Amino acid sequence: MGDIAGKVDKAFEASSVSELADAPVDALQGVSAADAEHLKAAFNIKTVRDLGTNKYFLWAQAIAKLAE
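No experiment lies behind these values; they were computed from the predicted model shown.

J.: Just to check I follow, could you spell out the overall build of the chain for this structure?
T.: Along its length, the chain carries four helices and zero strands. When the elements of the chain are put in sequence order from the N terminus, they spell out α-α-α-α. With the C-alpha coordinates of the chain rotated into their principal frame, the extents come out at 35 × 30 × 20 Å. Here the chain holds 68 residues, and the buried ones make up 18% of them. Taking the intrachain contacts of the chain between residues at least 6 apart in sequence as the baseline, contacts between residues at least 24 apart amount to 19%. A distance of 6 Å separates the average location of the 7 positive side-chain charges in the chain from that of its 10 negative side-chain charges.

This is the structure in structure tokens:
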């Protein structure tokens, strides 16, 4: 994954990986507070960990990988 600090908002750059996993999903660069609210409403995703372990996202990732 390389430079994790480059993938999160400035306020979270010094966070540990454990802290990032439990951070709100809008800690990720490019994910706005409004995006986070949509993810929460649609999939009950509140944290980066929730996003990374969501079964629908994992299924989509597996399908995309198999299609390569």
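Once you've had a look at it, read on.
J.: Is there a simple way to explain unusual backbone geometry in this structure?
T.: Keep in mind that most residues, glycine aside, have a negative phi and that most peptide bonds are trans. A positive phi is found at Asn44, a non-glycine position, where the angle reads about 60 degrees. Within the fold, Asn44 resides in the loop between helix H2 (33-43) and helix H3 (48-53).

J.: What should I look at first to understand the pattern of salt bridges in this one?
T.: Should their charged atoms come close, side chains of opposite charge can pair. All told, the structure shown has two salt bridges when counted by the stated rule. Here Arg49 makes a salt bridge to Asp22, at a shortest N to O gap of 3.0 Å. Taken as a pair, Arg49 in helix H3 and Asp22 in the loop between helix H1 (17-21) and H2 lie far apart in primary sequence, 27 residues in all. The closest approach of N and O atoms between Lys65 and Glu68, which form a salt bridge, is 3.2 Å. Comparing Lys65 with Glu68, the two get one shared label, exposed.

Rules of the game
Residues numbered from 1 in each chain as written. Predicted model: local features only at pLDDT ≥ 70, side-chain atom pairs only at ≥ 80, totals over all residues. Heavy atoms only, no water. Helix = DSSP H or I, 4+ residues; strand = E, 2+ residues; numbered from the N terminus. Buried < 20%, exposed > 50% of the residue type's maximum accessible area, 1.4 Å probe, protein only. Contact = heavy atoms within 4.5 Å. Lys, Arg positive; Asp, Glu negative; His and termini not counted. Charge placed at Lys NZ, Arg CZ, Asp CG, Glu CD. Salt bridge = Lys/Arg side-chain N within 4 Å of Asp/Glu carboxyl O.

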